[in-house]
Amino acid sequence: MIPPLRRHCLAVVLGLLCWLLPLTLPTAAMACVPGLDWGMQRSHLENRLGVSLTEAGDRTLEAHGLTIGELPVTRLRLQLSDGGLQQLAYELEPDAMTEVLAGLRSRYGAPVSTTVDTEGKALQQVWVWNTGTDCITAVRAGDDAFLLSYRPSRLNPALL
């Protein structure tokens, strides 16, 4: 028979372990494109996307001719490190912005948004979502392309 105080302490410790365990277990983080994972290597990315990636700079790869649903993607840029996929960014036509933002808001809720004034350039509108797995940033500057960027989140909002 365990004394009541020890039983209570044991229950508290077990409760804490059950709460902390999911935070410490490694999980595969799904990037924004179904079937992609953060850390994937180039050959796996090409297989999953079904396109050949071209070099676009130091550790930057590029793809063309893709779609998100039925929205054409002007360009997809992927940033890799020694650990594989670290960031990806879609360049979309400006007229896709409203539909994409509405879809993200429907899926993840209201974003943090701001307008950035850069000297001599058009105002930039910026929207940010932190899903706990991904940090999603959407940017629109004047009549330029609409950019949608994904990278692994460095902070789980549940920890705040």
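Here, every reference points to the structure presented above.
All figures in this text were calculated on a predicted structure; none of them were measured in a lab.

What counts as what
Residues numbered from 1 in each chain as written. Predicted model: local features only at pLDDT ≥ 70, side-chain atom pairs only at ≥ 80, totals over all residues. Heavy atoms only, no water. Helix = DSSP H or I, 4+ residues; strand = E, 2+ residues; numbered from the N terminus. Buried < 20%, exposed > 50% of the residue type's maximum accessible area, 1.4 Å probe, protein only. Contact = heavy atoms within 4.5 Å. Core = buried A, V, L, I, M, F, W, Y, C linked by side-chain atoms within 4.5 Å. Pairing = 2+ DSSP bridges. Phe/Tyr/Trp six-rings, centres within 6.5 Å; stacked < 30°, edge-to-face > 60°.

Asker: What's the story with the overall build of the chain in this structure? I'm lost.
Answerer: A tally of helices and strands in the chain yields 3 helices and 9 strands. Going residue by residue from the N terminus, the α and β elements of the chain occur as α-α-β-β-β-β-β-α-β-β-β-β. Taking all 160 residues of the chain together, the buried fraction comes to 29%. Put simply, of all contacts in the chain between residues at least 6 apart along the chain, 35% involve residues at least 24 apart.

Asker: It is not clear to me how the nonpolar core should be interpreted in this structure. Could you clarify?
Answerer: Nonpolar side chains in soluble globular proteins tend to be buried together. In terms of nonpolar packing, the biggest core is built from 31 residues, with Leu76, Leu78 and Leu88 touching the most fellow members. The element best represented in this core is strand E4 (residues 71-81), accounting for 5 residues. Residue contacts for Leu76: discarding those within four places in its chain leaves Leu49, Leu61, Glu62, Ala63, Leu66, Leu88, Ala89 and Tyr90.

Asker: I'm lost on the pairing of strand E2 (residues 60-63) in this one. Help?
Answerer: Successive side chains on a regular strand alternate, one facing one side of the sheet and the next facing the other. Alternating residues of E2 divide into Thr60 and Glu62 and Leu61 and Ala63, and every residue in both groups is buried. Relative to E2, strand E1 (residues 54-57) runs antiparallel, the two being bridged by 3 bridges. Each bridged residue has a counterpart across the sheet, and for Thr54 the counterpart in E2 is Glu62. Between E1 and the antiparallel strand that follows it, E2, lie 2 residues; Arg59 among them carries a positive phi value of about 60°.

Asker: Just checking my understanding: could you explain unusual backbone geometry for this structure?
Answerer: Negative phi is the rule for most residues except glycine; trans is the rule for most peptide bonds. Located in the positive-phi region is Arg59, a residue other than glycine, with phi close to 60°. As for its placement among the helices and strands, Arg59 is situated in the loop between E1 and E2. Relative accessible area serves as the criterion here: at 40%, Arg59 is assigned to the partly exposed category.

Asker: Got a minute to help me understand the packing of aromatic side chains in this structure?
Answerer: One pair of aromatic rings is described through two measures. These are the centre distance and the angle between the planes. Taken as a whole and assessed by the stated rule, the structure comprises 1 aromatic pair. With 6.3 Å between their ring centres and 85° between their planes, Tyr90 and Tyr150 make a pair best called edge-to-face. Taken together, the positions of Tyr90 in strand E5 (residues 84-92) and Tyr150 in strand E9 (residues 146-152) put the pair 60 residues apart, joining distant regions of the chain. The same class applies to Tyr90 and to Tyr150, which are both buried.

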